[in-house]
Amino acid sequence: MEVEMLIRDFIVENFLFGNVDVPLGDEDSFLQKGFIDSTGILEVVSFIEEKFGIKVEDDDLLPENLDSIRRLADFVVRKRSLAA
Amino acid sequence: MPVSDFLSDSAARFPEKDFLVWRNRRITYGSMSRKVDALAAGLADEGLVAGERVGICMGNSTEYVMAYFGIMKAGAVVVPVSEQSTGRGLAAILNNCQASMLLIDRVVLQTLLEVLPGIPSLRRVIIAVKGDVEGEGAEERIQDLPPGPSGFRFLRQILTEGKGKVVPCITREPDLAMICYTSGTTGSPKGVMLTHRNLMANADSIVEYLRLTSHDKMMVVLPFYYSYGNSLLTTHAKVGGTLHIGRNFVYPNSVLELMVREGVTGFAGVPSTFAILLNRSAIRKYAFPMLRYLTQAGGAMSPRSAEELHRILPGTDIFIMYGQTEASARLTYLAPADLRRKAGSIGKPIPGVRITIRREDFTPCAPREVGEIVAEGDNVMKGYWGDQEGTARTLRSDGLHTGDMAWMDEEGYIYIVGRQSEFIKSGGHRIGAKEIEEAILELPTVHEVAVVGEEDEILGESITAYVVAKERSGIDPHAIQRCCRDRLPVYMVPRKVVFMDELPKTISGKIRKNELRRVEG
């Protein structure tokens, strides 16, 4: 849960410019919502690498891993457990 | 040849060949040509007459392509608009060109409804549902639409009503084919008028220097509503090639996998596309035996990136190209053989285009002397829609004044050094700083603002707004960014907002933007 919260805060802060009134579900696709573009996703990657101390490999850059708050959180947890 | 004939001619030659591949669906030339005929007939039944302007506000899709050729087949003028536009931006464009009809993706409907009462010229809105071209669109009834003004139809209905009918093509080459809106220096976007002859001349030229044939398969990640993406559509339709349609480049590995699987032969991008490929993708882990060429427009390629791409893709040619919407897309290209020898150059004019570098008094520059790029050719626009003054400033007796400053070497290779006009080039978008400044100035707490492009490794330039607030309390960077987001597409929102006590100015009061670019380094 904490991971999801931190990711949500980052997304709201950086892509919704702090506007908490914009509806954003944990499963909502960033792509379909249209507020993250190809460089935005790189910012998200830098954030999770730094915040959670994981290394996102080039192979990991897939929508299955990154395209919603839930997917990102699951991905972070997976990566952490692999590293442990 | 009218542009809609590109499709019908290829359909006559290759009826069973794939024209479009989109989300694992394949549309043949024959099938698309029949759909386009049906749409053109359906639009005519709806009262569309030749010369009227019809907007397309859709992401890249088979429906977009059908709308594009269908509108032209009916003799009308295509006005493409980004599906990321705000309602305000969409209304401004449709009002400027007095569009009578609009085709939209279902997802755009809500945005449109907010501004629809303010677009009096619009008498029909046609809604595309995913799968319309393939005949698998969701079954929606007209009464499912939200309440709003009358005049809504589903694309499906228009296609059904037009099925089996053919509209006689009365279009001539000098007729208007498209109006492409592009950022202007004065704030509001300008409507670049392109004729069928303009598009045909450019398509012929590109086909010639890229040696495109019906065997070519292009991976499209650029939006069709920009002239670069549009040129991918026209050239491949002309030669009978195949377009693999993508909507964006957010997940490069998904695109790379598709390219390998489908044996794609061509890939087109802007500098940020290749920066992402080289820095944040798994490109080194794939082999692309079928990839014949890459094209990059929107900026020169650094020697380091070119070398790296050569190393990763040893059998693939790299073409650097330059152009602008006012030239239907393309003006120059640097041949692959010259990439190392003439690093940093945008090459020489494409076939059918003449280019001179001119001084402020319009006399030609000497070799290596910096001046403005001036172009002539059948691909040069007719002018700006409803803007005689802007047209007269840009289209002069000696040709199209591009606003780009450059020099030419003794062998005729051109090197761009900067822009005369105030544009920011960010991630493939040409953005007018003025448009962003005007949006920010709508905040009552803002006294003054200057927007500049600052060097960015991936984007080329990223947008920074320097703001002087009337009072520092009650305003923060987020307020500025939110204000922009409400009024502008997401790619125009400044990445960075810097508050200042005052902006640096010349004695005459002009803001020194170069000095601002140095503030943050």
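For every chain, the first residue of the written sequence is number 1, and numbering continues from 1 onward in sequence order. The naming scheme follows written order: chains are lettered A onward, ligands numbered 1 onward. Only residues with pLDDT of at least 70 are given local features in this predicted model, and only at 80 or more are side-chain atom pairs given and counted; all residues enter the totals for whole chains, interfaces and linings.

### A word on the domain arrangement of chain B
Residues and elements named next belong to chain B. The domain architecture assigned to chain B consists of domain 1 (29-171), domain 2 (198-419) and domain 3 (423-519). We call two residues in contact when their backbone-placed C-beta atoms lie within 7 Å. Counting from both sides, the interface comprises twelve residues of domain 1 and, opposite them, eleven residues of domain 2. Numbering goes from the N terminus for both helices and strands, where a helix is a DSSP run of H or I of at least four residues and a strand is a run of E of at least two. Of all the elements in the fold, those that place two or more residues in the side of domain 1 that touches domain 2 are α3 (62-73), β4 (77-81) and α4 (87-97). With three residues, α3 is the largest single contributor of residues to the side of domain 1 that touches domain 2. Any residue outside Ala, Val, Leu, Ile, Met, Phe, Trp, Tyr, Cys, Pro, Asp, Glu, Lys and Arg is labelled polar, Gly included; the first ten of those are nonpolar and the last four are charged. When grouped by side-chain class, the residues that make up the side of domain 1 that touches domain 2 number seven nonpolar, five polar and no charged. Where each domain starts and ends follows an automatic or database-derived domain assignment.

### Quick notes on the pairing of strand β18 (residues 371-377) of chain B
Pairing between strands is defined by DSSP: at least two bridges between them are needed. Bridging between strand β17 (residues 353-358) of chain B and β18(B) involves six bridges; their strand directions are antiparallel. Across the sheet, R358(B) pairs through a bridge with E372(B), a residue of β18(B).

### So, the environment of V22(A)
Within the secondary structure, V22(A) is located in the loop between α1 (2-15) and α2 (30-33). In sequence terms V22(A) and V76(A) are 54 residues apart; their C-alpha atoms lie 24 Å from each other.

### Remarks on the interface of chain B and chain A
With 22 residues of chain B at the interface, the matching set in chain A holds 17 residues. It is helix α14 (residues 477-487) of chain B that contributes the most residues to the side of chain B that touches chain A, four residues altogether. Residue classes in the side of chain B that touches chain A are distributed as ten nonpolar, nine polar and three charged.

### Concerning the nonpolar core
All names here are of chain B. Counting residues in hydrophobic clusters, the biggest one holds 155 residues, and the most contacted among them are V54, Y68, V78, L102, L103, I104 and I179. The two domains that each donate at least three residues to this core are domain 1 (29-171) and domain 2 (198-419). With sequence-adjacent residues up to four places away left out, L103 is seen in contact with V54, G55, I56, M58, A67, I126, A128 and L155. Here, a nonpolar core means buried Ala, Val, Leu, Ile, Met, Phe, Trp, Tyr and Cys residues linked by C-beta atoms lying within 7 Å of one another. Three classes are used. A residue is buried when 20 or more other C-beta atoms lie within 10 Å of its own, exposed when 12 or fewer do, and partly exposed in between, with C-beta atoms placed from the backbone.

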